[in-house]
Amino acid sequence: MTAGPASGRFVVLEHRWDGVHWDFMLETEGRLRTWAVDAPIEPGVELPARALPDHRLAYLTYEGPVPGGRGVVRRVDSGAFRMLEWSEARVRVELHGAQLVGEVTLKKDASGSPTSVPWKFRLGKFI
């Protein structure tokens, strides 16, 4: 198991750039581990997601234009999370946000299909 944070802050940003996606960010080791979720987050629905490079902690509170002409971000929700599982292929956290409260699972697609999305995101198991 890869070491992950025991707890930290999270944020979900709506990112409008060449379409729209939702950046799901978890604070870990002074940076934000980030996934782009390709559809609006809905409880109980498995959604396609892509791992992105880590982001700066400033995005925990930032809203506005993204440097380099990469669109605009708007905060959808933020709060705290508790780590339940953290490995190379699976991340499970418990969210405590203003809107999102429950368990999130991110898992790598193991199918190996060239048309598959690398990660799947699911909000479920409400607290």
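Residues numbered from 1 in each chain as written. Predicted model: local features only at pLDDT ≥ 70, side-chain atom pairs only at ≥ 80, totals over all residues. Heavy atoms only, no water.

*Asks:* Which residues make up the pattern of salt bridges, and what values go with them?
*Replies:* All chains considered together, the criterion is met by 12 salt bridges. For Glu-46, the salt bridge identified is with Lys-107, shortest N-O distance 3.4 Å. With a gap of 61 residues between them, Glu-46 in strand β4 (residues 46–55) and Lys-107 in strand β8 (residues 101–108) connect regions that are remote in the sequence. On the basis of relative accessible area, Lys-107 is assigned to the partly exposed category, the value being 33%. (Salt bridge = Lys/Arg side-chain N within 4 Å of Asp/Glu carboxyl O. Helix = DSSP H or I, 4+ residues; strand = E, 2+ residues; numbered from the N terminus. Buried < 20%, exposed > 50% of the residue type's maximum accessible area, 1.4 Å probe, protein only.)

*Asks:* Can you break down the side chain of Asp-23 residue by residue, with the values?
*Replies:* Relative to the elements of secondary structure, Asp-23 occurs in strand β2 (residues 20–28). It is Arg-50 that comes nearest to the buried, bridge-free Asp-23 among opposite-charge side chains, at 6.6 Å. Side-chain polar atoms of Asp-23 contact the side chain of His-15, separated by 3.1 Å. Among the polar contacts made by the side chain of Asp-23, one reaches the side chain of His-21 at a distance of 2.9 Å. For Asp-23, the contacting residues outside a window of four places in its chain are Val-11, Val-12, Leu-13, His-15, Thr-34, Trp-35, Ala-36 and Leu-52. (Lys, Arg positive; Asp, Glu negative; His and termini not counted. Polar contact = N/O pair within 3.5 Å; in protein donor to acceptor, adjacent residues only side chain to side chain. Contact = heavy atoms within 4.5 Å.)

*Asks:* A description of the nonpolar core should follow, citing residues and the corresponding values.
*Replies:* With 22 residues, the main nonpolar core has Phe-24, Leu-26, Leu-106 and Phe-121 as its most contacted residues. For this core, the secondary structure elements donating two or more residues are β1 (7–16), β2, β3 (31–37), β4, β6 (72–86), β7 (90–97), β8 and β9 (119–124). Beyond its immediate stretch of four places on either side in the chain, Leu-106 contacts Phe-24, Trp-35, Ala-49, Ala-89, Arg-90, Val-91, Trp-119, Lys-120 and Phe-121. If you look at the next biggest cluster of nonpolar residues, it comprises 8 residues, including Val-11, Leu-32, Leu-60 and Val-73. (Core = buried A, V, L, I, M, F, W, Y, C linked by side-chain atoms within 4.5 Å.)

Distances and angles like these do not, on their own, reveal function.
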